[in-house]
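Fold and contact review
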Amino acid sequence: MTRSILNRRQMLASGLGAGAFFLLPEVARAQQQMSEEGMALGPGREFSFEGLQDLAKALAEGEYFPMEVADADILEQVDYDYHNQIRYRADQTLWNDENRSPVQFFFPGRYFREPVHIYALDDGIAREVPFSTELFDIPDDNPARRLTQTEGFAGFRVQDEPGGNDWMAFLGASYWRTSGYSGQFGLSVRGLALDTAIPDGPEEFPRFTRFWLDEHGTGELTAYALLESPSATGAYKISSLREERGVLQDVEAHVFLRSGVERLGLAPLTSMYWYGKPNAHVAADWRPEVHDSDGLEIHMASGERIWRPLNNPPRTTANSFVAPGVKGFGLMQRERAFDEYQDDGVFYEKRASAWIEPSYDWGDGAVTLIELRTDDEIHDNIVAMWTPDAGAERGAEHHFGYRLTWFEDAPVPPNAARFISTRMGAGGVPGQPRPEGVVKIVCDFDDMGFAGLGRDDGITPVVTTSRGEISGETAYPVVGEDYWRAIFDLDFSEIPEDDDDPIDLRMYVDVDGRAGTETWLMQLFPSQLRSLLSSKA
């Protein structure tokens, strides 16, 4: 037995001393039990969420020892193609009954090597679902058949009915996804983000190493999870319910830092933005747009609503939006027409928006947006998360809760007109010589609060920029449509070509001295704008 396993068990024992009694076997219980579906389960052990919190805190006070990866050489051979050949046996599905949420398990492989232990809960008693290759149909020539020591799964997925479609999956690090409001998987969330996109790197990816699953007999499912990493531990309770609007989840998390981190991200969301209307010229692709989300929405405690279109920047960027007592934030997909994407394979117009609503005041902090450069849709390059002002040092604790919705839109009604789309092109006046180094920015917004108003009613975009000059601001209703358009020019011609510091833009549309729209923010780079103008030449 390896030293890491011995030390790991010693740390688990320290958790028991702190009150984590759910790991103690019940002597009076049978050492093995069959599930209702005939699946062999492990011995019964008491479980409580309070005990899980005690264990996570006790583990944080000691050294980190990762789980041993058994059969590592064999798992390395189970690549993407071999992994896709493996099928979970339907007759071994957990809770495989009508009106419930059947659960199946993911096989480990090259990209999911670390074992994940999973337990089924029944009236406060946890029984492990033992990993076995017998739970899977594996082709004879697949290297996965040679596994003999692997002790855990890679994760699990939840179905809408026996033999039906998946509606939720936990797989890899602390990531999970749902099928949202439309049955279409898209962006992901995760339990914790540590040192994401810091200059010196690398990012640390905490893992859910153990799950305790409680299916309530109504289709609602609660997943309790132990999170572990070199810098943090955590105890999570994720209660999931499908309803008419989509998937709704209530999350309670208790995070303990065993070492300090530079950037702590709570309630992180992860998505993909390759290109859209502002930067379609960057991709040699026939589809008009490719993204899981097109913007970050933030609801401030002051009542201000912010809309920040996403960008595929020339380099990794991190922007923090100070938001004490934030009311909510999310990565949203606002454009919902098939014609915007023209992809009848992955249906980007059906991707859910993920919205975070704190259960109580989170205090001082910021919503941080990370954008990484990408040249393909296979890479998740967007992260949005809450970064508290304090508590990133060793020994810090964070106890927080939030509601997470996977709906078509934010569950909170708008309080002003909202921006629908952003476009960019050459500046100046059509039909006249175009000035060099000038782009025109066009922002469409819905007509909430603008009914009965027209072009001559003094409605004006109020635009500020950190660099360059703004001119030509105007706003008007689009003829024959039910939305408005705000337009202005940005002159960046005086910025030297070797200066690619970002240009930060801010705009709202003024109606009689008040903001009639949410606040639109945008970050652009001179190199991007020059590339755009070159493509239009």
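Here the structure is a predicted model, which means the values were calculated and not measured. Here the residue numbers are simple positions, counted from 1 along each chain's written sequence. Where totals are concerned, whole chains, interfaces and linings use all residues; where local detail is concerned, this predicted model gives features only for residues with pLDDT of at least 70, and gives and counts side-chain atom pairs only at 80 or more. Neither water nor hydrogens contribute to the side-chain values; these are computed over all heavy atoms in the structure.

Our focus in this paragraph is the environment of Phe-256. The secondary structure listing takes helices from DSSP runs of H or I that are at least 4 residues long and strands from runs of E that are at least 2 residues long, numbered from the N terminus. Within the fold, Phe-256 resides in strand β17 (residues 246-257). Here's how the labels work: a residue is buried when its accessible area is under 20% of the maximum for its type, exposed when over 50%, partly exposed in between, all with a 1.4 Å probe on protein chains only. Judged by its relative accessible area of 5%, Phe-256 is buried. Separated by 196 residues in sequence, Phe-256 and Ala-60 have C-alpha atoms that sit 6.1 Å apart.

Before going further, it helps to examine the pairing of strand β22 (residues 305-309). Among the 5 residues that make up β22, 5 are buried, leaving the element largely enclosed by the rest of the structure. Here, a strand pair is defined by DSSP locating no fewer than two bridges between the strands. The pairing of strand β21 (residues 295-299) with β22 spans 5 bridges and is antiparallel. Looking across to β22, one finds that His-299 is bridged to Arg-305. From the end of β21 to the start of β22, which pair antiparallel, there are 5 residues, and Gly-303 there has a positive phi angle of about 105 degrees. As paired elements, β22 and strand β36 (residues 519-524) share 2 bridges and run parallel to each other. Residue pairing for β36: Ile-306 is matched across the bridge by Thr-519.

Aromatic pairing here means that ring centres of Phe, Tyr or Trp (its six-membered ring) are within 6.5 Å. Orientation follows from the plane angle: under 30 degrees is stacked, over 60 is edge-to-face, and everything else is tilted. For the structure on display, the rule yields 30 aromatic pairs. With centroids separated by 5.6 Å and ring planes inclined at 45 degrees, the aromatic side chains of Phe-49 and Tyr-224 adopt a geometry described as tilted. Pair noted here: Phe-49 is in helix α2 (residues 49-60) and Tyr-224 is in strand β15 (residues 221-228), with a separation of 175 residues, a long-range link. Of the two residues examined, Phe-49 and Tyr-224, each falls in the buried class. Aromatic side chains Tyr-88 and Phe-136 sit 5.2 Å apart centroid to centroid with 85 degrees between the ring planes, which places their arrangement in the edge-to-face category. Taken as a pair, Tyr-88 in strand β4 (residues 87-88) and Phe-136 in strand β8 (residues 136-137) lie far apart in primary sequence, 48 residues in all. Phe-136 shares its class with Tyr-88; the two are buried. By way of ring pairs, the aromatic residues Tyr-88, Phe-105, Phe-107, Phe-131, Phe-136 and Phe-153 are connected into one cluster. A positively charged side chain is recorded as over a ring if its NZ (Lys) or CZ (Arg) lies within 6 Å of the ring centre. The angle to the ring normal must also be within 35 degrees. Here the basic side chain of Arg-455 rests over the ring of Tyr-476, its NZ or CZ set 4.2 Å away from the ring centre.

This next bit is on the pattern of salt bridges. By definition here, a salt bridge exists when the distance from a side-chain nitrogen of Lys or Arg to a carboxyl oxygen of Asp or Glu is within 4 Å. Inspection of every chain in the model, using the stated rule, returns 28 salt bridges. The residue Glu-335 makes a salt bridge to Lys-277 at a minimum N-O spacing of 2.5 Å. A residue pair is termed long-range when its members are at least 10 positions apart, and Glu-335 in the loop between β24 (328-332) and β25 (353-358) and Lys-277 in the loop between β19 (273-275) and β20 (290-291) qualify at 58 residues. By relative accessible area, which is 8% here, Glu-335 ends up buried. Here Asp-343 and Arg-287 are joined by a salt bridge, their closest N and O atoms 2.6 Å apart. With Asp-343 in the loop between β24 and β25 and Arg-287 in the loop between β19 and β20, this residue pair connects regions lying 56 residues apart in the sequence. A single burial state applies to Asp-343 and to Arg-287, both of which are buried.

Of all 7 residues making up strand β26 (residues 365-371), 7 are buried, and the element is well covered by its neighbours. Neither face of β26 is open: one carries Gly-365, Val-367, Leu-369 and Glu-371, the other Ala-366, Thr-368 and Ile-370, and all of them are buried. Two elements, strand β23 (residues 317-322) and β26, share 6 bridges in a ladder whose sense is antiparallel. Paired with Ala-318 across the two strands is Ile-370, which belongs to β26. Sheet analysis places β26 next to strand β27 (residues 382-388), joined by 7 bridges and oriented antiparallel. By the bridge assignment, Leu-369 is partnered in β27 with Ala-384.

Moving on, we get to the side chain of Asn-312. Within the secondary structure layout, Asn-312 lies in the loop between β22 and β23. Here Asn-312 falls in the buried class, since its relative accessible area comes to 8%. Polar contact is the term for a pair of N or O atoms within 3.5 Å; when the atoms are in protein, one must be able to donate a hydrogen and the other to accept it, and sequence-neighboring residues count only if both atoms are side-chain atoms. For Asn-312, the side chain forms a polar contact with the main-chain oxygen of Trp-274, separated by 3.0 Å. Contact criterion: two residues are considered in contact whenever any of their non-hydrogen atoms come within 4.5 Å of each other. The contact partners of Asn-312, leaving out residues within four places of it in the chain, are Tyr-273, Trp-274, Asn-279, Leu-372, Arg-373, Thr-374, Asn-381 and Gln-528.

The subject of this paragraph is the sheet that holds strand β29 (residues 419-426). Spatial ordering of the open sheet is given by β29-β30-β33-β32, a layout of 4 strands whose pairing is antiparallel. Every other strand in the sheet has two partners, leaving β29 and β32 (469-477) as the edge strands with one partner each. Neighbouring strand axes in the sheet, compared pairwise and without regard to direction, differ in orientation by 15 degrees on average. Of the strand pairs in this sheet, β29 and strand β30 (residues 438-446) are connected by 7 bridges, and their pairing is antiparallel. Within β30, the position partnered with Met-424 by the bridge is Ile-441. Each axis is a line fitted through C-alpha atoms, taken for helices only over the stretch in contact, and angles between the N-to-C directions span 0 to 180 degrees. Packing of helix α5 (residues 526-536) onto the sheet brings it into contact with β29, β30 and β33 (483-491), and relative to β29 it is tilted by some 70 degrees.

The nonpolar side chains of soluble globular proteins are, as a tendency, buried together. Each nonpolar core is a collection of buried residues, namely Ala, Val, Leu, Ile, Met, Phe, Trp, Tyr and Cys, held together in the definition by side-chain atoms within 4.5 Å. Grouped together as the largest cluster of nonpolar side chains are 79 residues, with contacts concentrated most on Phe-105, Phe-156 and Trp-176. Broken down by element, the residue count for this core peaks at 5 residues, all from β17. Counting residues in hydrophobic clusters, the runner-up holds 33 residues, among them Ala-417, Ile-459, Leu-524 and Leu-532.

In terms of backbone geometry, most residues other than glycine have negative phi values and most peptide bonds are trans. In this structure, the amide linkage connecting Gly-201 to the following residue, Pro-202, adopts the cis form with an omega of -5 degrees. Considering the arrangement of structural elements, one finds Pro-202 in the loop between β13 (192-194) and β14 (207-215). Even without glycine at this site, Asn-99 takes up a positive phi of about 65 degrees. Here Asn-99 is to be found in the loop between β4 and β5 (103-106). When its relative accessible area of 63% is taken as the criterion, Asn-99 is described as exposed.

What follows concerns the side chain of Gln-159. With respect to the helices, strands and loops of the structure, Gln-159 is situated in strand β9 (residues 155-159). Sequence-distant contacts of Gln-159, defined by excluding residues within four places in its chain, comprise Thr-93, Arg-100, Ser-101, Pro-102, Gln-104, Gly-164, Asn-165, Asp-166 and Trp-167.

Every residue gets a pLDDT, meaning the predictor's confidence in that residue, from 0 to 100. For the protein chain, the average pLDDT comes to 93, and 93% of its residues sit at 70 or higher. Every residue in residues 1-11 scores below 50 in pLDDT, and together they form 18 contacts with partners more than four places removed in sequence or on other chains.

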